[in-house]
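Coordinate analysis (summary)
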Amino acid sequence: MSNPASPPAVGVVDDRPPLTFPPGFLWGAATAAYQIEGAAAEGGRTPSIWDTFSHTPGRVVEGHTGDVACDHYHRLGSDVALMAELGLKSYRFSVSWPRVQPGGTGPANAEGLDFYRRLVDELLGHGIEPWLTLYHWDLPQPLEDVGGWPARDTAARFADYATLVADALGDRVRYWTTLNEPWCSAFLGYGSGVHAPGRSDGADAVRAGHHLMLGHGLAVQALRAARPTAEVGVTVNLYPVTPASEAPADVDAARRIDGLANRFFLDPLLRGSYPADLMADLAKVTDFGHVRDGDLATISTPLDVVGVNYYSRHVVAAPDPDAEPEPYWRAPSCWPGSEDVRFVTRGVPVTDMNWEIDAPGLVETLRRVHEEYTDLPLYVTENGSAFVDEVVDGQVDDADRLAYFDAHLRAAHEAIEAGVPLRGYFAWSLMDNFEWAWGYTKRFGMVHVDYDSQVRIPKSSARWYAEVIRRNGLAAQ
Ligand code: IFM
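Residues numbered from 1 in each chain as written. Predicted model: local features only at pLDDT ≥ 70, side-chain atom pairs only at ≥ 80, totals over all residues. Heavy atoms only, no water.

**Looking at the packing of helix α13 (residues 360–373) against helix α14 (residues 399–417)**
Direction vectors running N to C along α13 and α14 enclose 30°, while the axes themselves pass 8 Å from each other. When you trace α13 past α14, the crossing you get is right-handed. The residues of α14 that touch α13, namely those facing Leu 362, Val 363 and Leu 366, are His 408, Ala 411, Ala 412, Glu 414 and Ala 415. Taken together, the residues of the contact of α13 with α14 break down into six nonpolar, one polar and one charged. (Axes fitted to C-alpha atoms, helices over the stretch in contact; angles between N-to-C directions. Helix = DSSP H or I, 4+ residues; strand = E, 2+ residues; numbered from the N terminus. Left-handed = near helix turned anticlockwise from the far one by under 90°. Contact = heavy atoms within 4.5 Å. Nonpolar A, V, L, I, M, F, W, Y, C, P; charged D, E, K, R; others polar.)

**What to know about unusual backbone geometry**
With an omega of 5°, the peptide bond running from Ala 196 to Pro 197 counts as cis. A cis amide bond links Trp 428 with the next residue in sequence, Ser 429, at an omega value of 10°. By the secondary structure assignment, Ser 429 is in the loop between β14 (422–428) and β15 (447–449). Notably, Ala 39 is not glycine yet its phi reads approximately 45°, a positive angle. Note that Ala 39 resides in the loop between α1 (33–36) and α2 (49–54). Its identity is not glycine, yet Trp 436 carries a phi of approximately 50°, on the positive side. Assignment of secondary structure puts Trp 436 in the loop between β14 and β15.

**Some points on the pairing of strand β5 (residues 175–180)**
Judged by how many residues are buried, β5 sits mostly within the fold: six of six residues are covered. Sheet topology places strand β4 (residues 129–135) next to β5; four bridges connect them, and they run parallel. The partner of Trp 131 across the bridge, within β5, is Tyr 175. (Buried < 20%, exposed > 50% of the residue type's maximum accessible area, 1.4 Å probe, protein only. Pairing = 2+ DSSP bridges.)

**Re the site of the ligand**
In the neighbourhood of the ligand, the contacting residues comprise Gln 35, His 136, Trp 137, Asn 180, Glu 181, Tyr 311, Trp 355, Glu 382, Trp 428, Glu 435, Trp 436 and Phe 444. Contact distances for the ligand include 3.3 Å between an oxygen atom and a side-chain N or O atom of Trp 428. At a separation of 2.8 Å, an oxygen atom of the ligand approaches a polar side-chain atom of Trp 436. Contact with the protein chains hides 96% of the accessible area of the ligand, taken as 280 Å² for the molecule alone. Split by residue class, the shell around the ligand holds six nonpolar, three polar and three charged. (Near = heavy atom within 4 Å. Polar contact = N/O pair within 3.5 Å; in protein donor to acceptor, adjacent residues only side chain to side chain. Areas by Shrake-Rupley, 256 points an atom, 1.4 Å probe, with all protein chains shown as cover.)

**What to know about the sheet that holds strand β7 (residues 241–243)**
Overall, mixed pairing links the three strands, which are arranged β7-β9-β10 in an open sheet. Of all the strands in the sheet, just β7 and β10 (342–343) have a single pairing partner and so form its edges. Where helix α10 (residues 248–271) meets the sheet, its contacts fall on β7, β9 (314–317) and β10, and the angle it forms with β7 comes to roughly 170°.

**Looking at the confidence of the model for the chain**
Taken residue by residue, the chain gives an average pLDDT of 95. The fraction at 70 or more is 95%. In this model residues 1–12 is a low-confidence stretch, pLDDT under 50, and it forms 17 contacts with partners more than four residues away in sequence or in other chains. (pLDDT = per-residue confidence, 0-100.)

**A closer look at the sheet that holds strand β11 (residues 378–382)**
As summarised here, the arrangement of the eight strands in space is β2-β3-β4-β5-β6-β8-β11-β14, forming a closed barrel in which the pairing is parallel. Here the average twist between neighbouring strands, direction ignored, is 25°. With four bridges connecting them, strand β8 (residues 305–309) and β11 associate as parallel partners. Of the residues in β11, the one forming a bridge with Val 308 is Val 380. Lying over the sheet, helix α7 (residues 153–169) contacts β4 and β5, oriented at roughly 155° with respect to β4.

**Things to note about the packing of aromatic side chains**
On inspection of all chains with the given rule, the structure shows 43 aromatic pairs. Ring centres of Trp 131 and Tyr 175 lie 4.5 Å apart, and the angle between their planes is 5°; this geometry places the pair in the stacked category. Highlighted residues: Trp 131 in strand β4 and Tyr 175 in strand β5, separated in sequence by 44 residues. Here Trp 131 matches Tyr 175 in class, with each residue buried. Taken together, the aromatic side chains of Tyr 34, Trp 50, Phe 53, Trp 137, Phe 434, Trp 436, Tyr 440 and Tyr 451 make up a single cluster linked through ring pairs. Positioned above the aromatic ring of Phe 115 is the side chain of Arg 99, whose terminal nitrogen or guanidinium carbon lies 5.9 Å from the ring centre. When the ring centre of Trp 438 is taken as reference, the NZ or CZ atom of Lys 442 above it lies at 4.5 Å. (Phe/Tyr/Trp six-rings, centres within 6.5 Å; stacked < 30°, edge-to-face > 60°. Lys NZ or Arg CZ within 6 Å of the ring centre and 35° of its normal.)

Written out as structure tokens, the structure is:
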């Protein structure tokens, strides 16, 4: 089968036109603290849930940990120089909570904050806009020990941490994201347990999701109090959810998964309510007794921007009692109350994560957020693909990844033409890194990292992306 994301083969005429993005479109790349920094026990940093999880045998493929990762903590200068060489206009990174507030409570760790001050100053010095994410999954372990995100108090602790970072970096950073992908924190961390802290309880996952959003709302208020000019947003990972057929049972399965994957977050954050059908689906899991008066008003505190992470589509079918259970998604499940919905593969090309490549899904997703939820400026805060790369003569020709980016940028442009106020795009990821439960076995980077030598090699996709940024668009092929 031909890959719909691929440019035509050599010698085949490609009549795709050049595409130009709106002036000022923010071209960036993204990373996250635990995935690249390393220096896990340096500079006053204490363990997060991901340190504990990755050091627990059997949790991460091949026992990989983020102890060293890409050693970015010690290579900040050369890494930012590389970003500048690629022409990035913005860099999205996350702050490690246990690095700047060890233990998750109490005073700031000056050495930890200093690292981020140096990073931000280096970026600004190269004309690169820093885009700061406060929480990309590294909850300080002591906060997990007293309940983690299922505990309400964690939301208040998160707001305190937001104030502490805003006080230190608010004079230099304009764009602030509270949470990255709360679905993963809640439903992979506390539902299926394939992510840290590795707990498996549907009711806890739902509580965690609520308290993450409550923490987000409180943090937005804290950020605004500390820095009234900050541009504040949140990043959600969204999937179009398509029924495998038009049969009513399949359509209903899609409604349920859409509720858990997308509307669980979009509705409270942008409408101030939980969808009634989702609450009914979850009735056998929780009575929502953890939701207090005023929570939803806090959660829907107005934002300045919304970040969308897009990777793939879910295609689902009604439960089939005779079907083989799919181990990753089930037992325990990250879909509480809908554990028996089946995830169907269509036989279309997939990435090394086994995620279907579906660029039109990005158009659908961006249009939906804009048309059904908000007029706010949108940013694709992550989009990218893992493929197996090979270093040949010091080069990495990652044609599949390049094709993935190309197809998704065309989709992003189509969304803009359809009226979506899309203001920027961040490739995931700047460099290969620690891919959570997959350790270093999956490579998402535009820049190849040799984890023994820490040598970085920009892949073909990085060179191509640099040219996209230079042109502010895609050339005719
Ligand atoms: O690596 C992750 C990232 O941390 C969050 N979004 C998805 C990426 C690929 O799985």
